[in-house]
Amino acid sequence: MDVLTLSRLQFAITSMFHFIFVPLTLGLSIMVAYMETRYVTSGNELYLKMAKFWGKLFLINFALGVVTGITLEFQFGMNWAEYSKYVGDIFGAPLAVEATMAFFMESVFIGVWIFGWNKVSKRMHAISIWLVAIATNLSALWILLANGWMQHPVGFVLRNGRAEMVDFLALLTNPYGLLKFGHQIVSGYTVAAFFVMGVSAWHLLRKNRPDFFKTSFRMGASFALVSTLLVAVVGDFHAVEVAKTQPTKFAAMESVWETKRGVGLNLLLIPSELKECNVVEQICIPKMVSLLAFHTPNAEIKGLKDFPKSERPPVTPVFFSFRLMVGLGFLFIFLALVALFLSRRGTLENHPLFLKVMLFALPLPYIANQLGWIVAEMGRQPWIVYGVLKTSDAVSKAISTPQVLGSLIGFTLLYGTLGCIDIFLLTKYARKGPDDDLSAIIKPTRN
Amino acid sequence: MELQIIWFVLWAVLWAVYFMLDGFVLGAGMLHLFLGKNDGERRVIINTLGPVWDGNEVWLITAGGATFAAFPTTYALMFSYLYTALLLLLFALIVRGVSFEFRGKGEGDLWKRSWDTAILVSSFLPALLFGVAFGNIFAGLPMDAAGYHGSLMYLLNPYGLLTGILFVLLFLVHGTLYLSVKTVGDLSLRARAAAEKLWPALLVVAVAFLGYTKFATRLYDNFFSAPYLLIVPLLAVAALLGIRILTAKGNLLGAFASSCVTIVMVVFTGVIGLFPNLIPSNLDPAYSLTIFNSSSSPYTLKIMTLVVALFLPIVIAYKIWVYRVFRGKVTVQEVLEDKQAY
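Structural notes, computed from the coordinates.

Calculation notes
- Residues numbered from 1 in each chain as written.
- Chains lettered and ligands numbered in written order.
- Predicted model: local features only at pLDDT ≥ 70, side-chain atom pairs only at ≥ 80, totals over all residues.
- Heavy atoms only, no water.
- Helix = DSSP H or I, 4+ residues; strand = E, 2+ residues; numbered from the N terminus.
- Rg over C-alpha atoms; globule rule 2.2 N^0.38 Å.
- Buried < 20%, exposed > 50% of the residue type's maximum accessible area, 1.4 Å probe, protein only.
- Contact = heavy atoms within 4.5 Å.
- Lys, Arg positive; Asp, Glu negative; His and termini not counted.
- Charge placed at Lys NZ, Arg CZ, Asp CG, Glu CD.
- Salt bridge = Lys/Arg side-chain N within 4 Å of Asp/Glu carboxyl O.
- Buried area = accessible area lost by both parts, 1.4 Å probe.
- Polar contact = N/O pair within 3.5 Å; in protein donor to acceptor, adjacent residues only side chain to side chain.
- Phe/Tyr/Trp six-rings, centres within 6.5 Å; stacked < 30°, edge-to-face > 60°.
- 1 Å grid on protein atoms, 1.4 Å probe; cavity = no way out; pocket = protein on both sides within 12 Å on 5 of 7 lines; lining within 4 Å.
- Points joined across faces, edges and corners; volume = space filled by probe spheres on them.
- Axes fitted to C-alpha atoms, helices over the stretch in contact; angles between N-to-C directions.
- Parallel < 35°, antiparallel > 145°, perpendicular 65-115°, else oblique.
- Left-handed = near helix turned anticlockwise from the far one by under 90°.
- Nonpolar A, V, L, I, M, F, W, Y, C, P; charged D, E, K, R; others polar.
- Patch = residues over 30% accessible without salt bridge, like charges linked within 9 Å, V, L, I, M, F, W, Y side chains within 5 Å.
- Areas by Shrake-Rupley, 256 points an atom, 1.4 Å probe, with all protein chains shown as cover.
- Disulfide = S-S within 2.5 Å.
- Core = buried A, V, L, I, M, F, W, Y, C linked by side-chain atoms within 4.5 Å.
- Pairing = 2+ DSSP bridges.

**Quick word on the overall build of chain B**
Moving on, step 1. Regarding its fold elements, chain B presents 14 helices and four strands.
Moving on, step 2. Its C-alpha atoms give chain B a radius of gyration of 20 Å, near enough to 20 Å, the size a compact globule of 342 residues would have.
Moving on, step 3. Viewed in the frame of its principal axes, chain B has a C-alpha envelope of about 60 × 40 × 35 Å.
Moving on, step 4. Within the span of chain B, comprising 342 residues, buried residues form 64% of the whole.
Moving on, step 5. When contacts within chain B are restricted to residue pairs at least 6 apart in sequence, long-range pairs at least 24 apart make up 80% of them.
Moving on, step 6. Considering chain B, the positive charge centre built from 22 side chains and the negative charge centre built from 18 side chains are found 7 Å apart.

Have a look at this one:
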């Protein structure tokens, strides 16, 4: 394998690994902040115990999210030097802003939250976790504006042999980036909601601490319903934006080969890149693809055959990832509805089968998040910056195959080990359940 | 003032603050196994770092991000040229962060000992590698029209290694002084004794470094053409001597402050010597990466200046606040009581 392939593989592995932790951080920070706020406003210690229990799981997950993020920043320079040289003038800015605006805030206030139980007031302590939650979501905004620029580059001119920024505001208001941000954060909230419901289901099945886990489950269910609905709504607008700005990606997502008006949606479909057509097309909903793409039933969809082969993304993985993601999205809405219905009626524990389903549904939103990113990044190929720079022209010139092979193996081993340890710790603390001894925290002073 | 110069100064400040803040975390990390005689004391050491290490590391991420945004060509070439060294650095930083977080979350001797070793290695390696990297940047990298002609082995040349050892010792002294301030009793005394023992070694290496720099680099050229700049290295030397004097007087907080000044002035000395280069070429000066030939466009620099002017003061304000919140000493009893602690 060459430097390009290895570098792509390495970026894929390291960013997907990073992305196991990020979505949960996005959502669970908000849920923990909400729990602690309930405690501060009501004085009910149940909510304090909830904030502490879910907060511990949050921290175990958070640590790996933070450290694996640095890898991505480093890799832009290490493996993608030509990219960094060519677009650094505009792409570097959101990354630097992310560090100044979000990373400092996140890292400082997470310290206050972990170590400050007795050092700051109850109210300040709750504000700290809110600041962490805001910072985490802000960081998502900046990195997705950066990624949104790679998908739909705006606000630049090609000058002095590179892409130079001429309009920062255009970068900030790039609809592609903003929709991606919206779609991503609510997907993260979905992961967190299903995480909380899944862990609670495990305990409820064993009749551990029903008061605690029923309240947690119910909070998760409300959070889940709102998020899953928003994922679908924002996702729909996002797809429209893709159809408008990235016709090759959209054609691959729906596997449309011929340019047509009023394209229907085949529920069963198998694409063949070799034959440049779909070998199976069954159960067609007429005009549905056109409707989804442009919100008008007779809109024209550009087919893949309209583009030279060298400019098409790999169709099969993009198509199936997209289908599966959308399917999972609908499943999440359904599960969230049932979860909310049962937990509001207070009859959760009478439905062990549903609790089991919710336990096994825990990893599904994680998978949906990864699939979404496969669609976004593979669907953009062969471009690294859509229409501006090819991925093959972006790789560093100064690195060799053995170097990248070595780093790839290193990352795989290190990340594999850390991933196992993290899952071990998460499982351990999730099974342990809440800690009732609040003496160390509630004590007014300590010396 | 030209925007590139503003960003050069900012670049220097970000690195200096990073080394000043993460320096004591790296130093304490290298020493916690030796200074902490039992698990309780080791936990105390880790807990003195707990609330601040992550925030300190962000200065590195910001220094990286600022290099990317302001000097993208330097960012791209430096990171791809120093691929293997940076990879090792990255692995170490990953392991260090995780170790702090995970060490206290499991039971058993093997678990704790493994993380202790991990903390030791992952604190030593960055200290050394940062020194090696900066030593080589001071001396210039072998680059010309054909690109880069170095390798990891090349970086481990005598001057690079000497700078590496200088950084390790600077951070060791810095870390011991931090711990002597932040802990009580035997542990604090042990930390202070270690600082006193390490200081002469630091002095010897610092003198050797200053001498070798004359032959291995062109850093002194700028100082000779503008002698008033010599105030910076002189301050570095004065602060280095100040550490010894203040430690002997028992003013440990003052000694730590002096150590902060030393580190900042050492970084400034190197960076002033580099100007206007970011990475000089030691083959042909025409291929040096300077702040002028590798910077972003004026528009981007203007936007970034605005962002920094707006947000950096806020960052500094809450950083100062957080150090005030955690200003007290950490004790074994306190750590044992606190279930959130590391």
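**Re the pattern of salt bridges**
Moving on, step 1. According to the stated counting rule, one finds 24 salt bridges over all chains in the structure shown.
Moving on, step 2. Across the pair A:E254 and A:R323 runs a salt bridge, and its minimum N-O distance is 3.6 Å. Taken together, the positions of A:E254 in helix α8 (residues 247-254) and A:R323 in helix α10 (residues 315-345) put the pair 69 residues apart, joining distant regions of the chain.
Moving on, step 3. Taking relative accessible area as the criterion, A:E254 reaches 5% and is therefore assigned buried.
Moving on, step 4. With a relative accessible area of 21%, A:R323 lands in the partly exposed category.
Moving on, step 5. The network of salt bridges with shared partners includes B:D39, B:R42, B:R103, B:K112 and B:D116.

**Structural notes on the interface of chain A and chain B**
Moving on, step 1. At the interface, 76 residues of chain A touch 67 residues of chain B.
Moving on, step 2. It is A:F74, A:F104 and A:F115 in chain A that bury the most area against chain B; as a group they hold 12% of the surface buried on that side.
Moving on, step 3. Summed over the shared surface of chain A and chain B, the result is one salt bridge.
Moving on, step 4. With a closest N to O distance of 3.3 Å, B:E107 and A:K428 form a salt bridge.
Moving on, step 5. Applying the counting rule to chain A against chain B returns 16 residue pairs in polar contact (both at pLDDT 80 or more).
Moving on, step 6. Here the side of chain A that touches chain B gets 25 residues from one element, more than from any other, and that element is helix α3 (residues 81-115) of chain A.

**Quick look at the packing of aromatic side chains**
Moving on, step 1. Applying the stated criterion to the full structure yields 56 aromatic pairs over all chains.
Moving on, step 2. With a centroid separation of 6.1 Å and an interplanar angle of 65 degrees, the aromatic rings of B:F134 and B:F138 are classed as edge-to-face. With B:F134 and B:F138 both in helix α6 (residues 109-139), this residue pair falls four residues apart, about one helical turn. Summarising the burial analysis for this pair, B:F134 and B:F138 share the class buried.
Moving on, step 3. Arranged with centres 5.8 Å apart and planes meeting at 65 degrees, the rings of B:F167 and B:F171 form a pair that is edge-to-face. Here B:F167 and its partner B:F171 are both found in helix α8 (residues 158-182), four residues apart, which amounts to about one turn of the helix. Of the two residues examined, B:F167 and B:F171, each falls in the buried class.
Moving on, step 4. Ring pairing ties together the aromatic residues A:F11, A:F74, A:F76, A:Y83, A:F91, B:F68, B:Y75 and B:F79, which thus form one cluster.

**Observations concerning empty space enclosed by the protein**
Residues and elements named next belong to chain B.
Moving on, step 1. Considering all chains together, one arrives at six cavities of 30 Å³ or more under this definition.
Moving on, step 2. Of the volumes computed, that of the largest cavity is approximately 200 Å³.
Moving on, step 3. Those elements giving two or more residues to the lining of the largest cavity turn out to be α3 (53-70), α4 (72-81), α5 (83-103) and α6.
Moving on, step 4. Ranked by residues supplied to the lining of the largest cavity, first place goes to α6 with five residues.
Moving on, step 5. In this structure, the second largest cavity spans a volume of roughly 110 Å³.

**Details of the packing of α8(B) against helix α12 (residues 252-274) of chain B**
All names here are of chain B.
Moving on, step 1. Where α8 contacts α12, the two axes come as close as 9 Å, and the packing angle between them is 155 degrees. Here α8 is positioned roughly antiparallel relative to α12, judged by the angle of their axes. You can see that α8 and α12 cross each other, and the crossing is left-handed. Residue-level inspection shows L170, F171, H174, L177, Y178, S180 and V181 of α8 in contact with α12, the latter providing L252, L253, A255, F256, S259, C260, T262, I263 and V266.
Moving on, step 2. The class makeup of the residues in the contact of α8 with α12 is 12 nonpolar, four polar and no charged.

**Quick look at the side chain of A:H125**
Moving on, step 1. The topology assignment puts A:H125 in helix α4 (residues 122-151).
Moving on, step 2. Not counting residues within four places of it along the chain, the set of residues in contact with A:H125 comprises A:E36, A:V112, A:W113, A:G116, A:W117 and A:V120.

**Describing unusual backbone geometry**
Note on backbone geometry: most residues besides glycine have negative phi, and most peptide bonds are trans.
Moving on, step 1. In this model, A:Q381 is joined to A:P382 through a cis peptide bond whose omega is 5 degrees.
Moving on, step 2. With respect to the secondary-structure elements, A:P382 resides in the loop between α12 (364-378) and β7 (383-385).
Moving on, step 3. For the peptide bond that leads from B:F275 to B:P276, omega is 0 degrees, which places it in the cis range.
Moving on, step 4. Counting through the fold element by element, B:P276 comes out in the loop between α12 and β3 (277-279).
Moving on, step 5. We note that A:N160 has phi near 50 degrees; this positive angle belongs to a residue other than glycine.
Moving on, step 6. In this fold, A:N160 is placed in the loop between β1 (156-159) and β2 (162-165).

**Quick look at a nonpolar patch on the surface**
Residues and elements named next belong to chain A.
Moving on, step 1. Together, L267, L268, I283 and I285 line one region of the surface with nonpolar side chains, adding up to about 360 Å² of accessible area.
Moving on, step 2. Those elements that place two or more of their residues in the nonpolar patch are β4 (265-272) and β5 (277-285).
Moving on, step 3. Position of I283 relative to the elements: it lies in strand β5.
Moving on, step 4. Of the residues examined, I283 reaches a relative accessible area of 54% and is grouped as exposed.

**With respect to the state of the cysteines**
Moving on, step 1. Under the definition given, this model contains zero disulfides over all chains.
Moving on, step 2. With no disulfide of its own, A:C277 lies closest to A:C284 among cysteine sulfurs, the gap being 15 Å.

**Some thoughts on the nonpolar core**
Moving on, step 1. Counting residues in each nonpolar core, the largest one holds 283 residues, and the members touching the most others are A:W54 and A:Y83.
Moving on, step 2. Those residues within four positions of A:Y83 in sequence are excluded, and the remaining contacts are A:F76, A:G88, A:F91, A:M150, A:I384, A:V385, A:L389 and A:A394.

**Description of the pairing of β1(A)**
Residues and elements named next belong to chain A.
Moving on, step 1. Summarising the sheet, β1 and β2 pair through four bridges and their orientation is antiparallel. Counted as the bridge partner of V157 is E164 from β2.
Moving on, step 2. Hairpin connection from β1 to β2: two residues lie between these consecutive antiparallel strands, with N160 at a positive phi of about 50 degrees.

**Topic: the side chain of B:S258**
Moving on, step 1. Assignment of secondary structure puts B:S258 in helix α12.
Moving on, step 2. For B:S258, the contacting residues outside a window of four places in its chain are B:A239, B:G242, B:I243 and B:L246.

**Some points on the layout of surface pockets**
Moving on, step 1. For the largest pocket, the calculated volume is near 1300 Å³.
Moving on, step 2. Together, 47 residues line the largest pocket, and A:F11, A:S15, A:H18, A:F19 and A:L72 are the ones closest to its centre.
Moving on, step 3. Those elements that provide at least two residues to the lining of the largest pocket are α1 (3-42), α2 (45-78), α3, α4 and α12 of chain A together with α3 of chain B.
Moving on, step 4. Here the lining of the largest pocket is composed, by residue class, of 27 nonpolar, 13 polar and seven charged.
Moving on, step 5. As a volume, the second largest pocket reaches approximately 990 Å³.
Moving on, step 6. Along its surface, the second largest pocket is lined by 38 residues, and A:H183, A:G235, A:F322, A:M325 and A:V326 are the ones closest to its centre.
Moving on, step 7. Going through the elements one at a time, α6 (175-205), α7 (210-245), α8, β4, α9 (288-294), α10 and α12 of chain A are the ones with two or more residues in the lining of the second largest pocket.
Moving on, step 8. Counted by class, the lining of the second largest pocket contains 23 nonpolar, 10 polar and five charged residues.

**Thoughts on the packing of α2(A) against α3(B)**
Moving on, step 1. Packing of α2(A) against α3(B) brings their axes to within 10 Å, and their N-to-C directions diverge by 20 degrees. Comparing the axis directions of α2(A) and α3(B) gives the class roughly parallel. For the crossing formed where α2(A) meets α3(B), the hand is left-handed. Note on element contacts: α3(B) touches α2(A) through B:D54, B:E57, B:I61, B:G64, B:G65 and B:F68, opposite A:F62, A:V66, A:I70, A:E73 and A:F76.
Moving on, step 2. Its residues assigned to classes, the contact of α2(A) with α3(B) comprises six nonpolar, two polar and three charged.

That is the geometry; function is a separate question.
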